[in-house]
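Listed below are the residues making up each chain.
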Amino acid sequence: MSVQNIKIHDKDNVAVMLGDGKSGQWLKVGNETIVLKEDIAAGHKVALQEMATGTEIIKYGNAIGSITENIMAGSWVHSHNLKTNLDGKLTYSYNPLQTDRENKQKSSVTFKGYRRGNQDVAIRNEIWIINTVGCINKSAELLAKLATKELTTADEVDEIRSFPHPFGCSQLGDDLKYTQQFLSSLVQHPNAAGVLVMGLGCENNTIQSFQSMVGEVKDKKVMFFSAQEVDDELEEGLQCISELVEYANTFQKEDIPISELKIGLKCGGSDGFSGITGNPLVGRFSDRLIEMGGTAIMTEVPEMFGAETLLMNRAESEDVFHKTVHLVNDFKDYFIRHNQVVYENPSPGNKEGGITTLEEKSLGCVQKGGSAPIVDVLSYASRAERNGLNLLQGPGNDLVSVSNLAAAGAHIVLFTTGRGTPYGGPVPTVKISTNTTLARKKKRWIDFNAGQIVEGANIEGVAEELLEYIIKLASGEVQTQNEKYEFKEIAIFKDGVIL
């Protein structure tokens, strides 16, 4: 019996195993029959032809590295015989793609959400406690628990929550600016109907300097106080939150056009199926949302390396192209400043799942962005203002990426994973498994199974199923696993330079 496999692109000289294969078993690839020369695990690559040292391995129709030794058809292709072709910084030129994409059409699709006083749209009606410094994490956590117990009697408030972090003191320059930029953007997130900013009183991130980062607040959404300046910070906090709850209860759900929905795109713990199931599925969803006038935001800049030209040539203008070049080269400089190998990626978990080189990982990763033009490039934790596909400065770290997407204004983050993670950010974080085994194993982590795509399900039909789920999620009809089990955390990027 033939071992199931998939050849992703006509130009590819490797296929991906859909199941575990044993030495001596055969595969059917088109009209060719290939005998496995060794055991090859699901998600890993098998050579489709004899290849000499130096031959480029082609996957997704693009080179993902070069062979380091002669191999035969049926051989396992991985870290022991495949190396990256990437090296150092590159020079880029703008070669815009000619697309036949239709202009955005006004869509009648809506979800049940909240319209804030400044006309921003929210999918949740929550109260957030944002502390300016890590010294009062526990005070903020206790305050959230007390307020939840004593004040949330009305149905309109979904949750009262604090978000601990270790920063805000002994920070200077850009390091402090990163913390303030992130936290101030979080304060402005529309899912928070009310925000209590709680300071200690002696930190670098003072209430006064942080207020200037937040900017003018024209409604009753934000309140501030320093714990050292009041007799009892818990009583003061409860009084503030009582007023915020009262304000939050003035909002009622209404029909919101899907064109006002903002979705973050993220992958983590990728495997050999990520570029076949989860990421292409999210790309289809992203394209569909943007066609209806919505917004998608993609980050993880180091995981664009090796596929960045595919994104650069989708820039809607030469100005956006140059911003994208700066985005990529700035992150390469970040690695170089710290004496790190720019292309020392993928992770051990990625490799165990079948991904060998950064080119391979990146070519799978960028598929989350679909095929829409790139309309803007955002600095870390800056809020997306333009509808369409936005690129966001930030690392690949799961916690930092999801937090960054939330700070940029994403109402929901779509997080594809082949290895699995319980992590969730401050907004609903949809965990999409790239394989069915993970979906069955981790039911309390995974929200949606993209593994069905390699089991016969039509990707367009699965994309429609995902769209229907997202509309229900945005309307509050369902919750993500991270909401159900309270996996809600933030992480702040350290030691960078804001674009």
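Presented here is a report on the structure given in the accompanying data block. (Residues numbered from 1 in each chain as written. Predicted model: local features only at pLDDT ≥ 70, side-chain atom pairs only at ≥ 80, totals over all residues. Heavy atoms only, no water.)

What follows concerns the side chain of aspartate 376. Residue placement: aspartate 376 occurs in strand β19 (residues 374-378). The buried category is assigned to aspartate 376, whose relative accessible area is 15%. Residue contacts for aspartate 376: discarding those within four places in its chain leaves Val320, Lys323, Arg386, Leu389, Asn390 and Leu391. (Helix = DSSP H or I, 4+ residues; strand = E, 2+ residues; numbered from the N terminus. Buried < 20%, exposed > 50% of the residue type's maximum accessible area, 1.4 Å probe, protein only. Contact = heavy atoms within 4.5 Å.)

Attention now moves to empty space enclosed by the protein. Taken as a whole, this structure holds two cavities of 30 Å³ or more when the rule is applied. The volume enclosed by the largest cavity comes to roughly 70 Å³. As for the largest cavity, its lining consists of 14 residues, and the residues nearest its centre are Ser274, Gly275, Ile355, Lys361 and Gly364. The element contributing the most residues to the lining of the largest cavity is helix α9 (residues 358-365), with four residues. When its residues are assigned to classes, the lining of the largest cavity shows four nonpolar, six polar and four charged. (1 Å grid on protein atoms, 1.4 Å probe; cavity = no way out; pocket = protein on both sides within 12 Å on 5 of 7 lines; lining within 4 Å. Points joined across faces, edges and corners; volume = space filled by probe spheres on them. Nonpolar A, V, L, I, M, F, W, Y, C, P; charged D, E, K, R; others polar.)

Let us now look at the state of the cysteines. Scanning the entire structure with this criterion turns up zero disulfides. Here cysteine 135 stays free of any disulfide, with the sulfur of cysteine 169 as its closest cysteine sulfur at 5.5 Å. Judged by its relative accessible area of 55%, cysteine 135 is exposed. Looking at cysteine 365, it has no disulfide partner, and the nearest cysteine sulfur is the one in cysteine 267, 3.7 Å off. Residue classification places cysteine 365 among the buried positions, given a relative accessible area of 2%. (Disulfide = S-S within 2.5 Å.)

One finds Leu414 and Ile470 to be the most contacted residues of the largest nonpolar core, which totals 105 residues. If you tally residues by element for this core, the top one is helix α12 (residues 459-474), at nine residues. Among all residues touching leucine 414, those that are not within four sequence positions of it are Ile263, Gly264, Leu265, Lys266, Val282, Phe285, Val430, Ile432, Leu466 and Ile470. Counting residues in hydrophobic clusters, the runner-up holds 27 residues, among them Tyr114, Ile136, Leu143 and Ala193. (Core = buried A, V, L, I, M, F, W, Y, C linked by side-chain atoms within 4.5 Å.)

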